[in-house]
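Examining the three-dimensional arrangement
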Amino acid sequence: MKSLLQKIFGRSRAAAEASQASEVVIATRPRQFLLTEAVLRAIADGLSDSRVMEEEKIVFLFGTVTEEVNLVAALFKPRAQTTYGSFHVSKLAMAEVVRTASRLGMEVVGQVHTHPGEAYHSGGDDDGTHIAYPGFLSVVVPNFGCDLPSLKGAAFYVCTGRGAFERIPDDQVLTISTYLEP
Ligand SMILES: [Zn+2]
């Protein structure tokens, strides 16, 4: 009987420890998304025709991913069909995106697209994001990107798996200087 109680107690303590351990995992620092100033300027260039043509435009972010950070080093503007309120990147064009990243030794770590008005991840955006692994960043820029390179008013989303996106606080996305000194 005693050994049975010990077993039960031991098991419940193990369960308590396991639940504490999972709390610790949840409490870890949120993932950070680092964009360099050079990348931000490139995003402004890559999306500048959105304002001119009054159409949604999209660029993909190339870089590297760890458990703590997505570091963006370059961007890629795909072939895309675009209208005032939508964009579509074909499977063939998507393959081009992935192939180019891989050829350069990088990963596709996120995407940025413009909206005519307000910045939010629409249902179409959730479904239309061909690359969606946990940690993939999706940025929506308002007003056809007229404030770029400033990301003022932009909305940041991270993929939480199975094509679902969750909005993240602005301070998880940092712009870092390209030229650093002591
Ligand atoms: Zn959208």
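Preceding this section is the structure that the text describes.
Parameters and conventions
Residues numbered from 1 in each chain as written. Predicted model: local features only at pLDDT ≥ 70, side-chain atom pairs only at ≥ 80, totals over all residues. Helix = DSSP H or I, 4+ residues; strand = E, 2+ residues; numbered from the N terminus. Buried ≥ 20, exposed ≤ 12 C-beta atoms within 10 Å, placed from the backbone. Contact = placed C-beta atoms within 7 Å. Pairing = 2+ DSSP bridges.

1. Some details on the overall build of the protein
Scanning the protein from N- to C-terminus turns up five helices and 10 strands. When the 182 residues of the protein are sorted by exposure, 27% land in the buried category. For the protein, restricting intrachain contacts to residue pairs at least 6 apart in sequence, the fraction spanning at least 24 positions comes to 66%.

2. Topic: the pairing of strand E1 (residues 32–36)
Side-chain alternation along E1 places Phe33 and Leu35 on a buried face and Gln32, Leu34 and Thr36 on a face that remains uncovered. In the sheet, E1 pairs with strand E3 (residues 69–76) via four bridges, with the strands oriented parallel. Along E3, the bridge assignment pairs Leu34 with Leu71. Bridge count for E1 against strand E10 (residues 173–176) is four bridges, and the pairing is parallel. From the neighbouring strand, Thr36 faces E10, where its bridge partner is Ile176.

3. Some thoughts on unusual backbone geometry
The peptide bond linking Leu148 to Pro149 adopts the cis configuration, its omega dihedral lying at 10 degrees. Secondary-structure assignment places Pro149 in the loop between strand E7 (137–141) and strand E8 (155–161). You will see that Asn143, though not glycine, has its phi angle at about 50 degrees, which is positive. Here Phe144, not a glycine, exhibits a phi torsion of approximately 50 degrees, which is positive. Along the chain, Phe144 turns up in the loop between E7 and E8.

Limitation: the analysis is restricted to geometry and does not speak to function.
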